[in-house]
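# Notes for the structure review
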Amino acid sequence: RFKVLLAERGIPNRTQLPIFQSVVNLVLGTVSSGFEWTADGITLLTEDEIFRRREPQTSTAKKIREPTSNSESWSEIQSLSDLMTGDYVVHKDHGIGQYHGLIRLTLSGAPSDFLQLEYAGKDKLYLPIYRLNLVQKYVGAGDQAKLDRLGSQQFAVAKEKAQDSAKKLAINLLQLYAERKMRPGIRFSPPDSDYLLFEEKFPFNETPDQIKAIRAVLNDLESGQMMDRLICGDVGYGKTEVAIRAAFRAVSEGKQVAVLVPTTILALQHEQTFKARMKDDPIVIESVTRFKSARQQKDILQALASGRVDIIIGTHRILSRDVSFNDLGLLIIDEEHRFGVEHKEKLKTFKLNTHVLTLTATPIPRTLHMSLSGLRDISLINTPPVNRLPIRTFVSKYDESVVKKAIEFELARGGQTFFLHNRVQTIEKTANRLRELVPSAQVIVAHGQMEESVLEKTIASFYQGAANVLVTTTIIESGLDLPTANTILITRADNLGLAQLYQVRGRVGRGQQRGYAYLFIPEEGLLSNDALRRLEVIQKFVELGSGFNIASHDLEIRGGGDLLGPQQSGNIGAVGFELFMELLEEAIRELQNQPVNPEINRKEPEIRTPFPAYFSEDYVPDVRQRLSLYRRLSASQQETTIDSLEEEVRDRFGSLPPEAQNLIWLIRVKLQLKKLGVDALTVGADKISLLPGKESSFDPVRTVALLSSHSERYQLTPDSKLIVQLTVSSIQDLFFALEKLSQDFSAGAS
């Protein structure tokens, strides 16, 4: 960047040693600060001294796995690592069952692990681990899930209905996205030196995912097609900076930018953030919210229509009829799912003619799946900011002694506290009680029914540190970004939705201090089952980057019908959200004439061998880790995937014991059988039995010839099984024997 900046200004520079005089020498290296070497006439300046000091990049926080390709479904990313006994699952062939644990059974003389599933009428299904890819965690109708009956056509009929419905939905979606892709977009020129300078003024080190997201947005803007990118990132993971850079590029091209947010508080926050970030640039930023008087709003809108305002920030007020733009080039939408149906319809008209960037912290699973199936561009920001710590979360009955200690602890470390009380009628009484409990605290109140000017002053005073306890309602749900506010206390947490709980908890712990969240609830008997589940989930997912898990569990509790339209509710309930999404993705691929690997949809082979194949408790102690590894192995579609998983297992748990090695080879054998189109394999003492399927790759002419000429080695039974006289001493032997058989029985073999 610095080289470009110097070149544009005609300043001679070089990037190679040795150092020359009379030119600026650019050298990559690490020094704590600059210095002068007067004897040789050298002055050394560091990047921090030229631009500004950045936060040191020493993050050791865990990075969650992100999809490696568009085809990797979210269920595989989640895997089955959070599956609990009693949870509902969906088997692709048998339907909805209940998970009753991982058990070890001995079949064909060898022990192996099986998933125990229970169906209607207490029927049991024992699923071998190499076929675990047939099972997904059920997400759809929460406690109303109805178990299917084994051996009936009930699930097959439901799946067929869901397939038809998915196809219709796919056609509608493709039409919508095709219209958009066909429309030429405003082509932006590549970033210039002003943009590079603007980048350098960012006071933090960008995280790797942030850099990827920014590059993707810039590429979209330069592509000549309409951008419609979704930035998914957890609370406080730096999505706003991605939006700010996109806005800067748009304004640099002479275009206007609209930033649409769901709440007035968030509009105020964004206005301050954008203005602070762009204070050195001649960019006019305004907002239209209820904090502004009617006269102020009118003046701002007139300036916007004439092109004198570059960036406008506001709530759905921006979508009103009296709002017009001189030359809108970019629309940024924060948390689109928080807007109503009427607003979303208006947004559709915007999206057809404008570059659109959508930000979300709790991704709607439908949006996520649409993105992963190629209908929408997505950037996942999974890397936590530097030195960010997970928030400690406590759930208990309301206790004034706990409240007092929590506030006093925060005051003692010079911080601020949110006290969330979501009842306006009793909020002042609650604030007065807090003043009695903690006399040293400066307590103020903010809620949505206050006069605009009073609310704005109250929020501003809390921002400026004039008060250290803010008693408030859920108006703080999104928007407040205060590194000094690191404790939140929430009364009647059972009344808040899961996504809401996650969002309000995300108001704290945004600096380098540990954040604390206290969720107060009434007596346990007064809680609904849904409330209990929400509180369990919010307590369970405290790690950084839990937003995606939260979104999935939120969907599980609420049901998925509203995400795809009410008419889809029954279909989702019958087959589960994940399977419905798979059917939808299949329908989209089919309509787009995308090539599909024929082996993916082939029947999963049944394999019986006398060799033990599993991960023992001594090798992988945690049952959830075993489930996760089994799921990932069984879902492998390529040799390279199996190889990398084997390497990962060895790296994490040490040298593979014999039964673990057998499992890896068993997965390779399964892949081989799918390629051959073999439905079943049984290994005996001195022979193996193969049952070719409808799509078998065995050449009939070769097969007949081999059966005739080598009758002592090959036989065909009346039920179409191919018997091969063969002794194998290991699964590895079996793999290579099958490889040889494949060559012998395929067309063109000599």
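Here we summarise the structure given alongside this text.

### A short note on the overall build of the protein
Across its full length, the protein carries 24 helices and 27 strands. Residue burial in the protein is summarised as follows: out of 750 residues, 53% are buried. Within the protein, counting contacts between residues at least 6 apart in sequence, those at least 24 apart form 73% of the total. When the accessible surface of the protein is totalled, it reaches about 34,300 Å², and 51% of it is carbon and sulfur.

### With respect to the pattern of salt bridges
One pass over the structure, following the stated rule, counts 35 salt bridges. Among the ionic pairs, arginine 433 bridges to glutamate 436, the shortest N-O distance being 2.8 Å. Of the two residues, arginine 433 and glutamate 436 both sit in helix H13 (residues 427-437), 3 residues apart, roughly one turn of that helix. With a relative accessible area of 35%, arginine 433 lands in the partly exposed category. By relative accessible area, which is 55% here, glutamate 436 ends up exposed. Sharing partners across several salt bridges, the network here consists of Glu199, Glu206, Glu241, Arg245 and Arg277.

### Digging into the pairing of strand E25 (residues 687-692)
When strand E24 (residues 678-683) meets E25, the two strands line up antiparallel, connected through 5 bridges. The residue bridging valine 678 from the neighbouring strand is proline 692, located in E25. Between E24 and E25, which follow one another and run antiparallel, lie 3 residues. Relative to strand E27 (residues 722-725), E25 runs antiparallel, the two sharing 4 bridges. Looking at E27, one finds that isoleucine 688 is bridged to valine 724.

### Digging into the packing of aromatic side chains
Going through the model one piece at a time under the given rule, you end up with 16 aromatic pairs. Ring geometry for phenylalanine 409 and tyrosine 516: centres 5.6 Å apart, planes at 85 degrees, overall edge-to-face. With phenylalanine 409 in helix H12 (residues 400-412) and tyrosine 516 in strand E22 (residues 516-521), the pair connects residues that are 107 residues apart, well separated along the chain. For phenylalanine 409, a relative accessible area of 40% translates into the label partly exposed. Taking 5.9 Å as the distance between ring centres and 55 degrees as the angle between the ring planes, the aromatic pair formed by tyrosine 619 and phenylalanine 653 counts as tilted. Here the residue tyrosine 619 occupies a position in the loop between strand E23 (606-608) and helix H20 (623-634), and phenylalanine 653 occupies one in helix H21 (residues 639-653), the gap between them amounting to 34 residues. Three or more aromatic residues joined by ring pairs make a cluster, and in this case those are Phe615, Tyr619, Tyr630 and Phe653. The positively charged end of arginine 668 is found above the aromatic ring belonging to tryptophan 665, 4.6 Å away from the centroid.

### Describing the pairing of strand E15 (residues 355-360)
Summarising burial for E15: 6 of the 6 residues are buried, a large majority. Burial of the side chains of E15 extends over both faces: His355, Leu357 and Leu359 are buried on one face and Val356, Thr358 and Thr360 on the other. As judged from the 5 bridges shared by strand E10 (residues 228-233) and E15, these two strands associate in the parallel manner. For leucine 230, the partnering residue across the bridge sits in E15 and is threonine 358. Sheet topology places strand E14 (residues 328-334) next to E15; 5 bridges connect them, and they run parallel. Paired with leucine 330 across the two strands is histidine 355, which belongs to E15.

### Let's talk about the packing of helix H5 (residues 193-200) against helix H7 (residues 239-252)
Where H5 contacts H7, the axes come no closer than 11 Å and their chain directions differ by 155 degrees. By the angle between their directions, the pair H5 and H7 is classed as roughly antiparallel. Two packed elements cross with a definite hand, and for H5 against H7 that hand is right-handed. Across the interface between the two elements, Asp194, Tyr195, Phe198 and Glu199 from H5 touch Ile244, Arg245, Phe248 and Arg249 from H7.

### So, the side chain of serine 634
Locating serine 634 in the fold gives a position in helix H20. Side-chain polar atoms of serine 634 contact the backbone oxygen of arginine 631, separated by 3.0 Å. With residues near it in sequence (within four places) discarded, serine 634 still touches Ile129, Tyr130, Arg131, Leu132, Asn133, Ile667 and Lys670.

### Notes on the sheet that holds strand E20 (residues 469-472)
Read across the sheet, 6 strands follow the order E17-E22-E21-E18-E20-E19 without closing on themselves; strand pairing throughout is parallel. Lying at the two open borders of the sheet, with one neighbouring strand each, are strand E17 (392-397) and strand E19 (443-446). On average, each strand axis in the sheet is tilted by 20 degrees relative to the strand beside it, whichever way the strands run. Sheet topology note: the E17/E22 ladder contains 6 bridges and is parallel. Following the sheet pairing, serine 396 is matched in E22 by phenylalanine 520. Each of strand E18 (416-420), E20, strand E21 (485-490) and E22 is contacted by H12, which is oriented at about 170 degrees to E21, the strand it contacts most. Packed on one face of the sheet, H13 meets E18, E19 and E20 and runs near 165 degrees to E19.

### A few points about a nonpolar patch on the surface
On the surface, Leu17, Ile19, Val27, Phe35, Trp37 and Ile42 cluster together into a nonpolar patch covering about 600 Å² of accessible area. Relative to the assigned elements, tryptophan 37 resides in strand E3 (residues 35-37).

### Structural notes on the side chain of arginine 229
With respect to the helices and strands, arginine 229 occurs in strand E10. The exposure class assigned to arginine 229 is buried, which follows from its relative accessible area of 8%. One polar contact links the side chain of arginine 229 to the main-chain carbonyl oxygen of isoleucine 378, over a distance of 3.2 Å. The residues contacting arginine 229, other than those within four sequence positions of it, are Ala216, Val217, Asp220, Val356, Leu357, Thr358, Asp377, Ile378 and Ser379.

### Brief notes about the sheet that holds strand E9 (residues 135-137)
Strand order in the open sheet formed by 5 strands is E8-E7-E6-E5-E9, and the pairing between neighbours is antiparallel. Across the chains shown, the open sheet's two edge strands, defined by having one partner strand only, are strand E8 (124-128) and E9. Averaged over all adjacent pairs, the angle separating strand axes in this sheet is 45 degrees, with direction ignored. Alignment of strand E6 (residues 95-107) against strand E7 (residues 110-118), held across 8 bridges, turns out to be antiparallel. By the bridge assignment, threonine 106 is partnered in E7 with proline 111. On the sheet, H20 packs against E6, E7 and E9 and is oriented at approximately 100 degrees with respect to E6.

About the cut-offs
Residues numbered from 1 in each chain as written. Predicted model: local features only at pLDDT ≥ 70, side-chain atom pairs only at ≥ 80, totals over all residues. Heavy atoms only, no water. Helix = DSSP H or I, 4+ residues; strand = E, 2+ residues; numbered from the N terminus. Buried < 20%, exposed > 50% of the residue type's maximum accessible area, 1.4 Å probe, protein only. Contact = heavy atoms within 4.5 Å. Areas by Shrake-Rupley, 256 points an atom, 1.4 Å probe, with all protein chains shown as cover. Salt bridge = Lys/Arg side-chain N within 4 Å of Asp/Glu carboxyl O. Pairing = 2+ DSSP bridges. Phe/Tyr/Trp six-rings, centres within 6.5 Å; stacked < 30°, edge-to-face > 60°. Lys NZ or Arg CZ within 6 Å of the ring centre and 35° of its normal. Axes fitted to C-alpha atoms, helices over the stretch in contact; angles between N-to-C directions. Parallel < 35°, antiparallel > 145°, perpendicular 65-115°, else oblique. Left-handed = near helix turned anticlockwise from the far one by under 90°. Polar contact = N/O pair within 3.5 Å; in protein donor to acceptor, adjacent residues only side chain to side chain. Patch = residues over 30% accessible without salt bridge, like charges linked within 9 Å, V, L, I, M, F, W, Y side chains within 5 Å.

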